[in-house]
Amino acid sequence: MSDRTMTAAETPIAGTPETGSPHVDAGDAGYRKDLKSRHINMIAIGGAIGTGLFLGAGGRMANAGPSLFIVYALCGVFAFFVVRALGELVLYRPSSGAFVSYAREFMGEKGAYTAGWLYFLNWSTTAVADITAAATYAHFWSMFSDIPQWVLALIALAVVLAANLISVKYFGEMEFWFAIIKVAALVIFMLVGIYLVATQHEIGGHTPGLATITDNGGIFPNGMMPMLLLIQGVVFAYASVELCGVAAGETENPEKIMPKAINSIMWRVGLFYVGSVVLLALLLPYTAYSGDQSPFVTVFNKLGIPGGADAMNLVVLTAALSSLNSGLYSTGRILRSMSLSGSAPKFTGVMNKGGVPYGGILLTAGFGVAGVFLNYVMPGEAFELVLNFASIGIIGTWGMIMLCSLLFWHRSKDGRVTRPGYRLPWAPYTQLITLVFLASVLVLMWMDGGISRTTVNLVPVIALALVGGWFVVRGKVRKIAAGWTQD
């Protein structure tokens with residue numbers, strides 16, 4: 001099958017890789033380069049700080065204890081490898097289709113189709129997790145406690161959807177301020193936490209310090225296995241790191257902006273994720289935390305500072321809305337790239353006057369509405385259920401990014417492409433080790449039992465659905481790839 005795809009206007013989509021001609025994706029046309037350096041930098045920060053830390057860390061701390069910081073550090077390293085690999089591809093060729101566009105270039109339309117729908121699985125289920133988290137946070141305040149969780153979830157979805165449909169500039173501004181709020185809150189928490197540990201100030205009847213860990217079972221109070229079984233949930237915490245790669249297609253001078261933004265992710269992970277979890281373990285016994293409340297809210301609640309818990313709860317609510325905003329943004333761009341090649345519904349490729357691919361955004365929001373129904377049927381289990389399915393999508397997406405990176409490396413050795421100066425270090429071993437890690441996460445999910453095992457058991461069903469979907473769209477994909485106009 002030819003690697004050339006055409007738009008309705010006969011615009012070249014993909015150069016033929018065998019001849020070395022440049023690959024061009026029609027999905028990149030029509031966007032406005034309205035994202036500035038400050039937007040990309042804060043999107044990179046926001047992608048590394050989200051619901052998985054602000055809400056998920058509480059339940060994970062309760063299960064694994066202080067050893068949670070090891071899991072965050074380990075997963076953070078692999079998250080950095082993934083985004084660094086994507087960054088190299090972005091500098092080779094910026095695209096709003098991101099890894100879907102790269103999969104199309106290096107693996108053909110089947111690869112692009114698989115990468116795109118796995119990413120959609122990730123974010124459509126993550127959208128459900130985000131609106132569930134937002135509703136859970138809102139119930140912290142008594143004024144919302146009598147409002148059903150599904151109603152609050154619907155309100156959250158409606159507000160973020162409306163803002164996302166206006167223009168990419170509004171998205172960038174929202175993410176900029178969302179990220180500012182999250183970073184400021186974590187900095188304040190860490191400064192307060194360090195002060196409390198240094199002064200041995202009591203918190204809820206407990207004296208913070210190393211004794212909080214050593215007197216409550218040590219770093220591994222429940223053994224090593226609970227820590228390992230949490231890896232899939234922590235992978236979910238890093239699910240948005242690839243967002244800056246998608247946003248690169250709508251920014252000026254990505255070759256200058258992207259390396260700085262991506263390189264900063266590593267120290268942010270170390271400071272905000274690992275540092276925050278270590279402080280949480282020093283401030284209160286791990287048994288004081290739960291999955292029903294953000295661990296940061298727990299600390300401020302027990303500290304008794306007037307308004308402190310309310311302010312932190314507002315911050316974590318912001319984090320959930322930020323993640324939802326990012327998911328709607330990125331899936332809209334990915335689905336448009338797929339639509340113009342025939343592997344996604346035609347309506348997901350349409351744009352409004354503001355350069356927003358609203359068709360794809362609305363499709364993702366539609367799954368969010370299904371999440372509202374899930375919150376109505378099973379409000380207690382909704383977050384955990386969708387988190388597991390989102391993890392499958394994340395593992396698949398990261399795997400496709402590393403496969404694209406590996407194929408890119410191989411083509412560079414053949415002289416068919418030229419790697420940019422900004423590169424993934426230690427290739428190809430980095431890609432191979434990351435792929436092994438991602439496969440091991442699936443094994444750990446199966447070993448965890450319960451919903452996690454059920455999710456892994458459904459992987460063949462997901463694979464069959466992808467195969468069946470390909471047979472449905474392949475005729476249209478081949479017509480477009482052969483240079484025919486879309487119907």
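Criteria and cut-off values
Residues numbered from 1 in each chain as written. Predicted model: local features only at pLDDT ≥ 70, side-chain atom pairs only at ≥ 80, totals over all residues. Heavy atoms only, no water. Helix = DSSP H or I, 4+ residues; strand = E, 2+ residues; numbered from the N terminus. Buried < 20%, exposed > 50% of the residue type's maximum accessible area, 1.4 Å probe, protein only. Contact = heavy atoms within 4.5 Å. Bend = angle between axes of the 7 residues up to and from the residue. Core = buried A, V, L, I, M, F, W, Y, C linked by side-chain atoms within 4.5 Å. Axes fitted to C-alpha atoms, helices over the stretch in contact; angles between N-to-C directions. Parallel < 35°, antiparallel > 145°, perpendicular 65-115°, else oblique. Left-handed = near helix turned anticlockwise from the far one by under 90°. Nonpolar A, V, L, I, M, F, W, Y, C, P; charged D, E, K, R; others polar. Patch = residues over 30% accessible without salt bridge, like charges linked within 9 Å, V, L, I, M, F, W, Y side chains within 5 Å. Areas by Shrake-Rupley, 256 points an atom, 1.4 Å probe, with all protein chains shown as cover. Salt bridge = Lys/Arg side-chain N within 4 Å of Asp/Glu carboxyl O. pLDDT = per-residue confidence, 0-100. Phe/Tyr/Trp six-rings, centres within 6.5 Å; stacked < 30°, edge-to-face > 60°. Polar contact = N/O pair within 3.5 Å; in protein donor to acceptor, adjacent residues only side chain to side chain.

Quick word on the overall build of the chain
If you tally the helices and strands in the chain, you get 19 helices and 0 strands. When burial is assessed residue by residue, the chain has 60% of its 487 residues classed as buried. Residue pairs at least 24 apart in sequence account for 78% of intrachain contacts in the chain once pairs closer than 6 positions are excluded.

What about helix α19 (residues 459-481)?
Along α19, the helix axis deviates most sharply at Val-473, where the bend reaches about 50 degrees. Gly-483 sits one or two residues past α19 and shows a positive phi near 100 degrees.

Considering the nonpolar core
Membership of the largest hydrophobic core comes to 141 residues, with the highest contact counts inside it found for Ile-49, Phe-54, Tyr-72, Phe-99, Phe-189, Tyr-238 and Trp-398. Looking at this core element by element, the count peaks at 20 residues for helix α5 (residues 98-138). Setting aside its immediate chain neighbours within four residues, Tyr-238 contacts Tyr-72, Cys-75, Gly-76, Ala-79, Val-269, Tyr-273 and Trp-398. Formed by 15 residues, the second largest nonpolar core is a distinct cluster that contains Leu-157, Val-160, Leu-161 and Leu-324.

A word on the environment of Gly-233
Relative to the helices and strands, Gly-233 resides in helix α10 (residues 231-237). Taking the C-alpha atoms as reference points, Gly-233 and Ser-391, 158 residues apart in sequence, are found 7.2 Å from one another. Apart from the residues within four sequence positions on either side, Gly-233 is in contact with Arg-60 and Leu-387.

What to know about the side chain of Ser-294
Its location among the elements puts Ser-294 in the loop between α12 (254-283) and α13 (295-303). Setting aside chain neighbours within four positions, we find Ser-294 in contact with Phe-54, Leu-55 and Val-316.

A look at the packing of α5 against helix α6 (residues 149-164)
Packing of α5 against α6 leaves a shortest axis separation of 8 Å and a crossing angle of 120 degrees. Here α5 lies oblique to α6, going by the angle between them. Seen from above, α5 lies across α6 with right-handed handedness. Across the interface between the two elements, Ile-131, Thr-132, Ala-134, Ala-135, Thr-136 and Ala-138 from α5 touch Gln-149, Leu-152, Ala-153, Ala-156 and Leu-157 from α6. Residues of the contact of α5 with α6, tallied by class, amount to 8 nonpolar, 3 polar and no charged.

Concerning a nonpolar patch on the surface
On the surface, a nonpolar cluster with roughly 530 Å² of combined accessible area is contributed by Trp-150, Leu-154, Phe-373, Tyr-376 and Val-377. Among the elements that take part in the nonpolar patch, helix α15 (residues 358-377) stands out by supplying 3 residues, more than any other.

Describing the pattern of salt bridges
Using the criterion set out here, one finds 4 salt bridges in the structure. Taking the shortest distance from any N to any O, the salt bridge between Glu-109 and Arg-104 comes out at 2.9 Å. For Arg-104, a relative accessible area of 0% puts it in the buried group.

Describing the environment of Glu-252
For Glu-252, the position within the fold is in the loop between α11 (243-247) and α12. For Glu-252, a relative accessible area of 45% translates into the label partly exposed. Linking Glu-252 and Ser-37, residues 215 residues apart in sequence, is a C-alpha distance of 8.3 Å.

A closer look at the confidence of the model for the chain
Low-pLDDT portions of the prediction should not be read for the details of their coordinates. Averaged over the chain, the pLDDT score is 83; the fraction of residues at 70 or greater is 89%. Per-element mean pLDDT across the chain ranges from 71 in helix α1 (residues 37-48) up to 94 in helix α17 (residues 429-448). Taken together, the stretch residues 1-21 has pLDDT below 50 and engages in 58 contacts with residues farther than four places along the chain or on a different chain.

Here we look at the packing of aromatic side chains
Inspection of the entire model under this criterion finds 20 aromatic pairs. Considering the side-chain rings of Phe-78 and Phe-437, the 4.0 Å spacing of their centres and the 5 degrees angle between planes classify their relative orientation as stacked. Here Phe-437 lies in helix α17 and Phe-78 lies in helix α4 (residues 68-92), a separation of 359 residues in the sequence. Neither residue differs from the other here; Phe-78 and Phe-437 are each classed as buried. Taking the centre distance of 5.0 Å and the plane angle of 85 degrees together, the rings of Phe-120 and Phe-367 count as edge-to-face. Taken together, the residues Phe-120 in helix α5 and Phe-367 in helix α15 connect sequence positions 247 residues apart.

With respect to unusual backbone geometry
When glycine is set aside, most residues are seen to have a negative phi, and most peptide bonds are trans. Pro-428 follows Ala-427 through a cis peptide bond whose omega is 5 degrees. Its place among the elements puts Pro-428 in the loop between α16 (382-414) and α17. Of note, the phi angle at Trp-426 is positive, near 60 degrees, even though the residue is not glycine.

A closer look at the side chain of Arg-93
With respect to the helices, strands and loops of the structure, Arg-93 is situated in the loop between α4 and α5. Side-chain polar atoms of Arg-93 contact the side chain of Glu-105, separated by 3.0 Å.

Details of α13
Burial of α13 is extensive: 7 of the 9 residues sit out of reach of the surface. Those residues of α13 that sit buried are Pro-295, Phe-296, Val-297, Thr-298, Val-299, Phe-300 and Leu-303. Directly after α13, the chain includes Gly-304, whose backbone phi takes a positive value near 75 degrees.

Some thoughts on the environment of Pro-295
Inspection of the secondary structure puts Pro-295 in helix α13. The exposure class of Pro-295 is buried, given its relative accessible area of 1%. Through-space distance from the C-alpha of Pro-295 to that of Leu-55 is 7.0 Å; in sequence the pair is 240 residues apart. In this structure, Pro-295 is in contact with Leu-53, Phe-54, Leu-55, Ala-57, Gly-58, Leu-280 and Tyr-289, ignoring residues within four places of it in sequence.

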